[in-house]
Amino acid sequence: MTDKPIFVTQPFLPPLDEYVPYLEEIWDSKILTNGGQMHQRFERALCEYLGVEHISLFNNGTIALLAALQELRVTGEVITTPYSFVATSHSLLWKGAKPVFVDIDPVSLNLDPQKIEAAITPQTTAIMPVHCYGNPCDTRAIKAIADLYNLKVIYDAAHAFGVEDHAGSILNHGDLSVLSFHATKVFTTFEGGAVICPDAKSKQRLDYIKNFGFQNEVSVVAPGINGKLSEVNAAMGLLQLKYFDQIVTRRKDIDAYYRRCLAGVSGIVIPDRERQVVDNYAYFPILVESDFGISRDELYELMLSDNIYTRRYFYPLISEFPMYRSLPSASTNNLPVASAVSRKILCLPIYPALENTDVLRVVDVIRNV
Ligand code: T4K
(Lines give C-alpha, C1' and ligand atoms only; values in the text may rest on other atoms or scores of the structure.)
Protein backbone atom coordinates (compact mmCIF):
# COMPACT_ATOMS: atom_id res chain seq x y z
CA MET A 1 0.00 0.00 0.00
CA THR A 2 1.37 3.43 -0.91
CA ASP A 3 1.34 6.08 1.78
CA LYS A 4 -1.06 8.99 1.40
CA PRO A 5 0.26 11.82 -0.77
CA ILE A 6 1.87 14.79 0.95
CA PHE A 7 1.79 17.99 -1.09
CA VAL A 8 4.14 20.94 -0.76
CA THR A 9 1.18 22.99 0.40
CA GLN A 10 -2.55 22.77 0.87
CA PRO A 11 -4.97 25.58 1.54
CA PHE A 12 -6.58 25.94 4.94
CA LEU A 13 -10.32 25.61 4.42
CA PRO A 14 -12.56 26.82 7.23
CA PRO A 15 -15.59 24.63 8.07
CA LEU A 16 -17.97 24.75 5.11
CA ASP A 17 -21.00 25.66 7.24
CA GLU A 18 -19.24 28.90 8.27
CA TYR A 19 -19.07 29.91 4.61
CA VAL A 20 -22.80 29.45 4.08
CA PRO A 21 -24.03 32.63 5.85
CA TYR A 22 -21.65 34.70 3.70
CA LEU A 23 -23.00 33.02 0.57
CA GLU A 24 -26.57 33.64 1.73
CA GLU A 25 -25.77 37.33 2.12
CA ILE A 26 -24.39 37.40 -1.42
CA TRP A 27 -27.43 35.52 -2.76
CA ASP A 28 -29.77 37.96 -0.98
CA SER A 29 -27.98 41.03 -2.29
CA LYS A 30 -27.59 39.60 -5.81
CA ILE A 31 -24.40 41.64 -6.08
CA LEU A 32 -21.72 39.19 -7.20
CA THR A 33 -18.84 41.51 -8.05
CA ASN A 34 -17.88 45.14 -8.88
CA GLY A 35 -17.08 46.25 -5.35
CA GLY A 36 -20.03 44.94 -3.33
CA GLN A 37 -20.49 44.66 0.45
CA MET A 38 -18.11 41.71 0.94
CA HIS A 39 -15.43 43.43 -1.09
CA GLN A 40 -15.67 46.58 0.99
CA ARG A 41 -15.74 44.68 4.28
CA PHE A 42 -12.77 42.57 3.26
CA GLU A 43 -10.74 45.64 2.30
CA ARG A 44 -11.40 47.29 5.65
CA ALA A 45 -10.71 44.10 7.58
CA LEU A 46 -7.43 43.56 5.74
CA CYS A 47 -6.21 47.11 6.42
CA GLU A 48 -6.90 46.62 10.09
CA TYR A 49 -5.37 43.15 10.31
CA LEU A 50 -2.26 43.97 8.30
CA GLY A 51 -1.69 47.40 9.82
CA VAL A 52 -1.77 49.30 6.52
CA GLU A 53 -3.74 52.38 5.46
CA HIS A 54 -4.98 51.63 1.95
CA ILE A 55 -5.56 48.44 0.00
CA SER A 56 -6.97 47.83 -3.45
CA LEU A 57 -8.14 44.24 -3.94
CA PHE A 58 -7.50 42.32 -7.17
CA ASN A 59 -8.56 39.04 -8.76
CA ASN A 60 -5.01 37.64 -8.58
CA GLY A 61 -1.46 38.69 -7.76
CA THR A 62 -0.30 38.87 -11.38
CA ILE A 63 -2.96 41.37 -12.44
CA ALA A 64 -2.22 43.29 -9.22
CA LEU A 65 1.47 43.49 -10.25
CA LEU A 66 0.46 44.74 -13.70
CA ALA A 67 -1.86 47.33 -12.22
CA ALA A 68 0.85 48.52 -9.81
CA LEU A 69 3.25 49.03 -12.75
CA GLN A 70 0.52 50.84 -14.66
CA GLU A 71 -0.28 53.08 -11.69
CA LEU A 72 3.39 54.11 -11.35
CA ARG A 73 3.77 54.45 -15.13
CA VAL A 74 6.81 52.23 -15.11
CA THR A 75 8.66 52.08 -18.44
CA GLY A 76 12.20 51.39 -19.65
CA GLU A 77 14.34 49.09 -17.51
CA VAL A 78 13.36 47.60 -14.18
CA ILE A 79 15.84 45.93 -11.85
CA THR A 80 14.51 42.67 -10.49
CA THR A 81 15.42 39.25 -9.13
CA PRO A 82 15.70 36.12 -11.28
CA TYR A 83 14.92 34.03 -8.18
CA SER A 84 11.13 34.20 -8.08
CA PHE A 85 7.95 32.87 -9.64
CA VAL A 86 7.81 33.77 -13.31
CA ALA A 87 4.87 36.18 -12.80
CA THR A 88 7.27 38.75 -11.32
CA SER A 89 9.13 39.32 -14.61
CA HIS A 90 6.17 38.48 -16.83
CA SER A 91 4.34 41.50 -15.41
CA LEU A 92 7.22 43.67 -16.64
CA LEU A 93 7.07 42.22 -20.15
CA TRP A 94 3.30 42.77 -20.28
CA LYS A 95 3.93 46.41 -19.36
CA GLY A 96 6.52 46.70 -22.13
CA ALA A 97 9.34 47.18 -19.60
CA LYS A 98 12.67 45.36 -19.75
CA PRO A 99 13.66 43.22 -16.77
CA VAL A 100 17.27 43.67 -15.70
CA PHE A 101 18.31 40.76 -13.50
CA VAL A 102 20.51 41.36 -10.49
CA ASP A 103 21.91 38.56 -8.33
CA ILE A 104 20.54 37.58 -4.92
CA ASP A 105 22.07 37.67 -1.47
CA PRO A 106 23.24 34.18 -0.43
CA VAL A 107 21.60 34.42 3.01
CA SER A 108 18.25 36.16 2.47
CA LEU A 109 17.88 34.83 -1.12
CA ASN A 110 16.46 38.28 -1.97
CA LEU A 111 17.81 40.89 -4.41
CA ASP A 112 21.31 41.84 -3.25
CA PRO A 113 21.27 45.64 -2.68
CA GLN A 114 25.04 45.80 -3.08
CA LYS A 115 24.71 44.73 -6.70
CA ILE A 116 21.86 47.04 -7.71
CA GLU A 117 23.77 50.25 -8.41
CA ALA A 118 26.00 48.62 -11.03
CA ALA A 119 22.89 47.66 -13.02
CA ILE A 120 21.35 51.16 -13.10
CA THR A 121 21.38 52.90 -16.50
CA PRO A 122 19.70 56.11 -17.75
CA GLN A 123 16.75 53.89 -18.79
CA THR A 124 16.17 52.47 -15.30
CA THR A 125 12.89 53.66 -13.80
CA ALA A 126 12.16 51.17 -11.03
CA ILE A 127 13.26 48.29 -8.81
CA MET A 128 11.01 45.27 -8.32
CA PRO A 129 12.32 43.12 -5.45
CA VAL A 130 10.55 40.06 -4.02
CA HIS A 131 10.25 39.19 -0.31
CA CYS A 132 11.08 35.61 -1.24
CA TYR A 133 9.42 32.96 1.00
CA GLY A 134 8.11 35.90 3.06
CA ASN A 135 11.66 36.79 4.08
CA PRO A 136 11.89 40.63 4.15
CA CYS A 137 14.23 42.36 1.71
CA ASP A 138 16.80 44.85 2.95
CA THR A 139 14.25 47.62 2.53
CA ARG A 140 16.50 50.32 4.04
CA ALA A 141 19.30 49.72 1.55
CA ILE A 142 16.86 49.49 -1.37
CA LYS A 143 15.17 52.75 -0.34
CA ALA A 144 18.54 54.53 -0.10
CA ILE A 145 19.40 53.50 -3.69
CA ALA A 146 15.92 54.33 -5.00
CA ASP A 147 16.03 57.78 -3.39
CA LEU A 148 19.50 58.50 -4.77
CA TYR A 149 18.58 57.57 -8.35
CA ASN A 150 14.95 58.64 -8.21
CA LEU A 151 13.57 55.17 -8.89
CA LYS A 152 10.19 53.69 -8.00
CA VAL A 153 10.10 50.56 -5.84
CA ILE A 154 7.37 47.93 -6.28
CA TYR A 155 7.65 45.07 -3.82
CA ASP A 156 6.37 41.71 -4.99
CA ALA A 157 5.09 40.64 -1.57
CA ALA A 158 3.17 37.62 -2.88
CA HIS A 159 4.67 35.44 -0.10
CA ALA A 160 4.65 38.04 2.66
CA PHE A 161 1.10 38.19 4.02
CA GLY A 162 1.24 39.14 7.70
CA VAL A 163 5.04 39.54 7.85
CA GLU A 164 6.46 42.37 9.96
CA ASP A 165 9.96 43.80 10.28
CA HIS A 166 11.44 46.41 12.65
CA ALA A 167 9.06 49.05 11.24
CA GLY A 168 5.79 47.07 11.40
CA SER A 169 4.08 45.61 8.34
CA ILE A 170 6.54 44.71 5.60
CA LEU A 171 3.87 45.93 3.17
CA ASN A 172 4.43 49.57 4.07
CA HIS A 173 7.78 49.76 2.26
CA GLY A 174 8.33 51.01 -1.27
CA ASP A 175 5.90 52.90 -3.49
CA LEU A 176 3.54 49.93 -3.73
CA SER A 177 3.49 46.33 -2.47
CA VAL A 178 1.61 43.47 -4.09
CA LEU A 179 0.08 40.42 -2.37
CA SER A 180 -1.20 37.14 -3.83
CA PHE A 181 -4.07 35.20 -2.27
CA HIS A 182 -3.69 32.17 -4.57
CA ALA A 183 -4.76 28.73 -3.30
CA THR A 184 -1.11 27.81 -2.62
CA LYS A 185 -0.49 30.88 -0.47
CA VAL A 186 -0.45 31.17 3.29
CA PHE A 187 -3.65 33.22 3.11
CA THR A 188 -6.05 32.43 0.29
CA THR A 189 -9.26 33.61 -1.36
CA PHE A 190 -9.04 30.77 -3.98
CA GLU A 191 -7.61 33.31 -6.43
CA GLY A 192 -6.95 36.87 -5.38
CA GLY A 193 -4.45 39.60 -4.78
CA ALA A 194 -4.04 43.16 -3.56
CA VAL A 195 -1.98 46.29 -3.91
CA ILE A 196 -1.01 48.13 -0.74
CA CYS A 197 -0.95 51.86 -1.42
CA PRO A 198 0.55 54.73 0.57
CA ASP A 199 -2.35 57.18 0.13
CA ALA A 200 -6.00 57.49 -0.82
CA LYS A 201 -5.20 58.97 -4.23
CA SER A 202 -3.12 56.03 -5.43
CA LYS A 203 -5.76 53.63 -4.09
CA GLN A 204 -8.39 55.57 -6.04
CA ARG A 205 -6.36 55.29 -9.24
CA LEU A 206 -5.81 51.55 -8.68
CA ASP A 207 -9.54 51.13 -8.11
CA TYR A 208 -10.11 52.78 -11.50
CA ILE A 209 -7.44 50.65 -13.18
CA LYS A 210 -8.99 47.38 -11.98
CA ASN A 211 -12.41 48.44 -13.27
CA PHE A 212 -11.46 49.17 -16.91
CA GLY A 213 -10.51 52.73 -15.93
CA PHE A 214 -14.10 53.77 -15.16
CA GLN A 215 -14.35 56.81 -12.90
CA ASN A 216 -18.11 56.92 -13.19
CA GLU A 217 -20.76 55.65 -15.57
CA VAL A 218 -19.61 57.84 -18.42
CA SER A 219 -15.91 58.62 -17.87
CA VAL A 220 -12.97 56.32 -18.44
CA VAL A 221 -9.80 57.94 -17.08
CA ALA A 222 -7.21 55.19 -17.57
CA PRO A 223 -6.50 52.23 -19.83
CA GLY A 224 -7.76 49.85 -17.17
CA ILE A 225 -8.25 46.13 -17.03
CA ASN A 226 -10.72 43.75 -15.40
CA GLY A 227 -8.92 43.05 -12.13
CA LYS A 228 -11.90 42.85 -9.78
CA LEU A 229 -12.19 40.36 -6.93
CA SER A 230 -15.62 38.71 -6.79
CA GLU A 231 -17.86 38.74 -3.72
CA VAL A 232 -17.43 34.98 -3.20
CA ASN A 233 -13.65 35.41 -3.09
CA ALA A 234 -13.93 38.39 -0.74
CA ALA A 235 -16.16 36.36 1.59
CA MET A 236 -13.57 33.58 1.65
CA GLY A 237 -11.00 36.22 2.62
CA LEU A 238 -13.12 37.47 5.52
CA LEU A 239 -13.51 33.91 6.76
CA GLN A 240 -9.80 33.07 6.38
CA LEU A 241 -8.87 36.17 8.31
CA LYS A 242 -10.66 34.78 11.37
CA TYR A 243 -8.36 31.75 11.29
CA PHE A 244 -5.12 33.35 10.20
CA ASP A 245 -3.49 33.51 13.65
CA GLN A 246 -4.27 29.81 14.11
CA ILE A 247 -2.87 29.03 10.66
CA VAL A 248 0.41 30.76 11.46
CA THR A 249 0.70 29.11 14.89
CA ARG A 250 0.46 25.65 13.34
CA ARG A 251 2.93 26.58 10.58
CA LYS A 252 5.33 27.88 13.23
CA ASP A 253 5.19 24.55 15.07
CA ILE A 254 5.87 22.62 11.86
CA ASP A 255 8.79 24.93 11.05
CA ALA A 256 10.26 24.34 14.52
CA TYR A 257 9.74 20.58 14.24
CA TYR A 258 11.55 20.44 10.87
CA ARG A 259 14.42 22.46 12.33
CA ARG A 260 14.75 20.09 15.29
CA CYS A 261 14.60 16.99 13.10
CA LEU A 262 17.01 18.26 10.47
CA ALA A 263 19.57 19.82 12.82
CA GLY A 264 22.92 18.18 12.28
CA VAL A 265 22.01 16.38 9.03
CA SER A 266 25.16 17.00 7.04
CA GLY A 267 24.65 18.56 3.64
CA ILE A 268 21.26 20.07 4.50
CA VAL A 269 21.26 23.82 5.13
CA ILE A 270 18.19 25.73 6.30
CA PRO A 271 18.49 29.35 5.07
CA ASP A 272 18.51 31.92 7.88
CA ARG A 273 15.53 34.20 8.31
CA GLU A 274 16.99 37.25 9.92
CA ARG A 275 14.83 40.29 9.32
CA GLN A 276 11.31 39.43 10.32
CA VAL A 277 9.91 40.34 13.68
CA VAL A 278 6.70 38.50 12.79
CA ASP A 279 7.01 35.55 10.39
CA ASN A 280 4.27 33.75 8.44
CA TYR A 281 6.17 30.47 7.86
CA ALA A 282 4.91 30.41 4.29
CA TYR A 283 7.55 28.00 2.96
CA PHE A 284 10.15 25.64 4.36
CA PRO A 285 13.13 25.82 1.97
CA ILE A 286 16.26 23.72 2.41
CA LEU A 287 19.52 23.75 0.46
CA VAL A 288 20.85 20.35 -0.56
CA GLU A 289 24.61 20.84 -0.56
CA SER A 290 27.18 18.72 -2.40
CA ASP A 291 28.19 16.83 0.77
CA PHE A 292 24.65 15.52 1.30
CA GLY A 293 25.30 12.30 -0.57
CA ILE A 294 22.76 12.60 -3.36
CA SER A 295 21.81 15.58 -5.51
CA ARG A 296 18.81 17.84 -4.96
CA ASP A 297 17.08 16.29 -7.97
CA GLU A 298 17.75 12.77 -6.70
CA LEU A 299 16.25 13.74 -3.34
CA TYR A 300 13.25 15.28 -5.13
CA GLU A 301 12.73 11.99 -7.04
CA LEU A 302 13.21 9.92 -3.90
CA MET A 303 10.48 11.95 -2.18
CA LEU A 304 8.20 11.50 -5.20
CA SER A 305 8.64 7.73 -5.03
CA ASP A 306 7.33 8.00 -1.47
CA ASN A 307 4.34 10.07 -2.62
CA ILE A 308 5.82 13.31 -1.23
CA TYR A 309 5.44 16.24 -3.60
CA THR A 310 8.15 18.78 -2.77
CA ARG A 311 8.79 21.74 -5.05
CA ARG A 312 11.95 23.28 -6.50
CA TYR A 313 10.86 26.89 -5.96
CA PHE A 314 12.65 28.55 -7.80
CA TYR A 315 14.20 26.35 -10.44
CA PRO A 316 14.80 27.11 -13.24
CA LEU A 317 15.57 30.78 -12.64
CA ILE A 318 13.26 33.19 -14.46
CA SER A 319 16.30 34.33 -16.43
CA GLU A 320 16.64 30.81 -17.87
CA PHE A 321 13.23 30.80 -19.56
CA PRO A 322 13.22 31.37 -23.35
CA MET A 323 11.75 34.87 -23.30
CA TYR A 324 14.48 36.10 -20.90
CA ARG A 325 17.64 34.12 -21.55
CA SER A 326 18.95 36.32 -24.36
CA LEU A 327 19.00 39.39 -22.10
CA PRO A 328 22.58 40.36 -21.18
CA SER A 329 21.65 40.40 -17.47
CA ALA A 330 20.38 36.79 -17.73
CA SER A 331 23.85 35.31 -18.14
CA THR A 332 24.92 32.87 -15.44
CA ASN A 333 28.11 34.90 -14.92
CA ASN A 334 25.94 37.80 -13.83
CA LEU A 335 23.89 35.61 -11.47
CA PRO A 336 26.29 33.17 -9.76
CA VAL A 337 24.49 33.06 -6.40
CA ALA A 338 20.98 32.67 -7.83
CA SER A 339 22.21 30.00 -10.27
CA ALA A 340 23.82 27.98 -7.48
CA VAL A 341 20.89 28.33 -5.05
CA SER A 342 18.37 27.40 -7.73
CA ARG A 343 20.17 24.06 -8.19
CA LYS A 344 20.22 23.29 -4.47
CA ILE A 345 16.81 24.49 -3.30
CA LEU A 346 13.96 22.25 -2.25
CA CYS A 347 10.79 23.45 -0.54
CA LEU A 348 9.44 20.90 1.91
CA PRO A 349 5.72 20.50 2.66
CA ILE A 350 4.29 22.97 5.14
CA TYR A 351 0.60 23.70 5.75
CA PRO A 352 -1.76 23.64 8.74
CA ALA A 353 -3.21 20.16 8.13
CA LEU A 354 0.26 18.58 7.94
CA GLU A 355 0.66 16.32 10.95
CA ASN A 356 3.86 15.64 12.85
CA THR A 357 3.81 12.08 11.54
CA ASP A 358 3.78 13.54 7.99
CA VAL A 359 6.75 15.75 8.83
CA LEU A 360 8.56 12.68 10.16
CA ARG A 361 7.86 10.84 6.90
CA VAL A 362 9.47 13.70 4.97
CA VAL A 363 12.39 13.97 7.39
CA ASP A 364 12.97 10.21 7.39
CA VAL A 365 13.50 10.18 3.63
CA ILE A 366 16.18 12.83 4.13
CA ARG A 367 17.77 11.20 7.18
CA ASN A 368 17.83 7.77 5.58
CA VAL A 369 20.02 9.10 2.78
N1 T4K B 1 4.85 36.72 -7.41
C2 T4K B 1 5.33 35.67 -6.74
C3 T4K B 1 6.62 35.80 -6.01
C4 T4K B 1 4.61 34.46 -6.70
O5 T4K B 1 5.09 33.40 -6.02
C6 T4K B 1 3.38 34.39 -7.39
C7 T4K B 1 2.62 33.16 -7.43
C8 T4K B 1 2.91 35.54 -8.08
C9 T4K B 1 3.69 36.69 -8.06
C10 T4K B 1 1.62 35.56 -8.83
O11 T4K B 1 0.50 35.51 -7.98
P12 T4K B 1 -0.90 34.87 -8.56
O13 T4K B 1 -1.19 35.55 -9.87
O14 T4K B 1 -0.71 33.38 -8.67
O15 T4K B 1 -1.89 35.26 -7.48
C16 T4K B 1 2.03 28.10 -7.68
C17 T4K B 1 0.95 29.13 -7.85
O18 T4K B 1 0.15 28.91 -8.99
C19 T4K B 1 1.43 30.54 -7.85
O20 T4K B 1 0.35 31.32 -7.39
C21 T4K B 1 2.58 30.76 -6.89
N22 T4K B 1 3.13 32.09 -6.99
C23 T4K B 1 3.68 29.77 -7.15
C24 T4K B 1 4.86 29.95 -6.21
O25 T4K B 1 3.17 28.46 -6.96
P26 T4K B 1 2.52 25.88 -8.94
O27 T4K B 1 2.66 25.62 -10.39
O28 T4K B 1 3.57 25.40 -8.02
O29 T4K B 1 1.10 25.37 -8.38
P30 T4K B 1 0.49 23.90 -8.34
O31 T4K B 1 -0.83 23.95 -8.98
O32 T4K B 1 1.48 22.92 -8.85
O33 T4K B 1 0.29 23.67 -6.77
C34 T4K B 1 1.31 23.27 -5.89
C35 T4K B 1 0.70 22.33 -4.86
O36 T4K B 1 -0.28 22.99 -4.11
C37 T4K B 1 0.03 21.13 -5.47
O38 T4K B 1 0.91 20.06 -5.50
C39 T4K B 1 -1.15 20.83 -4.55
C40 T4K B 1 -1.39 22.12 -3.83
N41 T4K B 1 -2.63 22.78 -4.25
C42 T4K B 1 -2.66 23.56 -5.36
C43 T4K B 1 -3.81 24.17 -5.77
C44 T4K B 1 -3.85 25.04 -7.01
C45 T4K B 1 -3.78 22.58 -3.51
O46 T4K B 1 -3.75 21.82 -2.51
N47 T4K B 1 -4.93 23.20 -3.88
C48 T4K B 1 -5.00 23.99 -4.98
O49 T4K B 1 -6.07 24.56 -5.29
O50 T4K B 1 2.38 27.46 -8.87
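Residues numbered from 1 in each chain as written. Predicted model: local features only at pLDDT ≥ 70, side-chain atom pairs only at ≥ 80, totals over all residues. Heavy atoms only, no water.

### Here we look at the side chain of His-173
Argument step 1. In this structure, His-173 sits in the loop between β8 (168-169) and β9 (176-180).
Argument step 2. The class of His-173 is buried, set by a relative accessible area of 16%.
Argument step 3. Filtering out sequence-adjacent residues up to four positions away, His-173 remains in contact with Thr-139, Tyr-155, Asp-165 and Ala-167. (Helix = DSSP H or I, 4+ residues; strand = E, 2+ residues; numbered from the N terminus. Buried < 20%, exposed > 50% of the residue type's maximum accessible area, 1.4 Å probe, protein only. Contact = heavy atoms within 4.5 Å.)

### Focus on the packing of aromatic side chains
Argument step 1. In this structure the tally under the stated criterion is 21 aromatic pairs.
Argument step 2. A centroid spacing of 6.0 Å and a plane angle of 90° characterise the contact between Tyr-283 and Tyr-313, whose relative ring orientation is edge-to-face. With Tyr-283 in the loop between β11 (268-269) and β12 (284-288) and Tyr-313 in the loop between β13 (308-309) and α9 (336-342), this pair connects stretches of sequence that are 30 residues apart. For the pair Tyr-283 and Tyr-313, a shared accessibility class is recorded, and that class is buried.
Argument step 3. On the basis of an interplanar angle of 40° and a centroid distance of 5.5 Å, the ring pair of Tyr-313 and Phe-314 is categorised as tilted.
Argument step 4. Looking at Tyr-313, the relative accessible area reads 18%, which means it is buried.
Argument step 5. Looking at Phe-314, the relative accessible area reads 6%, which means it is buried. (Phe/Tyr/Trp six-rings, centres within 6.5 Å; stacked < 30°, edge-to-face > 60°.)

### Remarks on the domain arrangement of the chain
Argument step 1. According to the domain assignment, the chain consists of domain 1 (16-240) and domain 2 (244-368).
Argument step 2. Its C-alpha centre places domain 1 at a distance of 25 Å from the equivalent point of domain 2.
Argument step 3. Contacts between domain 1 and domain 2 engage 43 residues on the former and 36 residues on the latter.
Argument step 4. With both sides pooled, the region where domain 1 packs onto domain 2 buries about 3300 Å², and carbon together with sulfur makes up 64% of that total.
Argument step 5. Of all residues in domain 1, Phe-101, Tyr-133 and Val-186 bury the most surface against domain 2, accounting for 22% of the area lost on that side.
Argument step 6. In this structure, the connection of domain 1 to domain 2 is made through zero salt bridges.
Argument step 7. Linking domain 1 with domain 2 are 16 residue pairs in polar contact (both at pLDDT 80 or more), by the criterion used here.
Argument step 8. Of all the secondary structure elements, the ones that give two or more residues to the side of domain 1 that touches domain 2 are α4 (87-94), β4 (98-101) and β7 (164-165). (Domains from an automatic or database assignment. Buried area = accessible area lost by both parts, 1.4 Å probe. Salt bridge = Lys/Arg side-chain N within 4 Å of Asp/Glu carboxyl O. Polar contact = N/O pair within 3.5 Å; in protein donor to acceptor, adjacent residues only side chain to side chain.)

### Digging into the sheet that holds strand β14 (residues 345-348)
Argument step 1. Across the sheet, which stays open at both edges, the three strands sit in the order β11-β12-β14 with antiparallel pairing between neighbours. Edge positions in the sheet fall to β11 and β14, since each of these pairs with one other strand and no more.
Argument step 2. Examined bridge by bridge, β12 and β14 share four bridges and lie antiparallel to one another. Of the residues in β14, the one forming a bridge with Ile-286 is Leu-346.
Argument step 3. Most of the contacts of helix α8 (residues 296-305) go to β14, to which it runs at about 25°, and overall it touches β12 and β14. (Pairing = 2+ DSSP bridges. Axes fitted to C-alpha atoms, helices over the stretch in contact; angles between N-to-C directions.)

### Description of the pattern of salt bridges
Two side chains with opposite charge may pair up if their charged atoms get near one another.
Argument step 1. A complete count under the given rule lists 18 salt bridges for this structure.
Argument step 2. As a salt-bridge pair, Arg-41 and Glu-25 come within 2.8 Å of each other at their nearest N and O atoms. Here Glu-25 lies in helix α1 (residues 16-29) and Arg-41 lies in helix α2 (residues 37-50), a separation of 16 residues in the sequence.
Argument step 3. Residue class for Arg-41 comes out partly exposed when judged on its relative accessible area of 28%.
Argument step 4. Taken together, the salt bridges that share partners define one network made up of Glu-43, Lys-203, Asp-207 and Lys-210.

### Examining the side chain of Ser-177
Argument step 1. Turning to its location among the elements, Ser-177 is positioned in strand β9.
Argument step 2. On the basis of relative accessible area, Ser-177 is assigned to the buried category, the value being 0%.
Argument step 3. At 3.4 Å, the side chain of Ser-177 and the backbone oxygen of His-173 are in polar contact.
Argument step 4. The residues touching Ser-177, leaving out its near neighbours within four places in the chain, are Tyr-155, Ala-157, Ile-170, Leu-171, Ala-194, Val-195 and Ile-196.

### With respect to the sheet that holds strand β2 (residues 54-58)
Argument step 1. Across the sheet, which stays open at both edges, the seven strands sit in the order β2-β10-β9-β6-β5-β3-β4 with mixed pairing between neighbours. Looking at the sheet topology across the chains shown, the edges are occupied by β2 and β4. Across the sheet, the mean angle from the axis of one strand to that of its neighbour is 25°, orientation sign disregarded.
Argument step 2. For β9 and strand β10 (residues 193-197), the ladder comprises four bridges, and the chain directions are antiparallel. Looking at β10, one finds that Ser-180 is bridged to Gly-193.
Argument step 3. Sitting on the sheet, helix α5 (residues 139-149) is in contact with β5 (124-128) and β6 (152-156), with an inclination near 150° to β6.
Argument step 4. The strands that helix α6 (residues 200-210) touches are β2, β9 and β10; relative to β2, the one it contacts most, it runs at about 10°.

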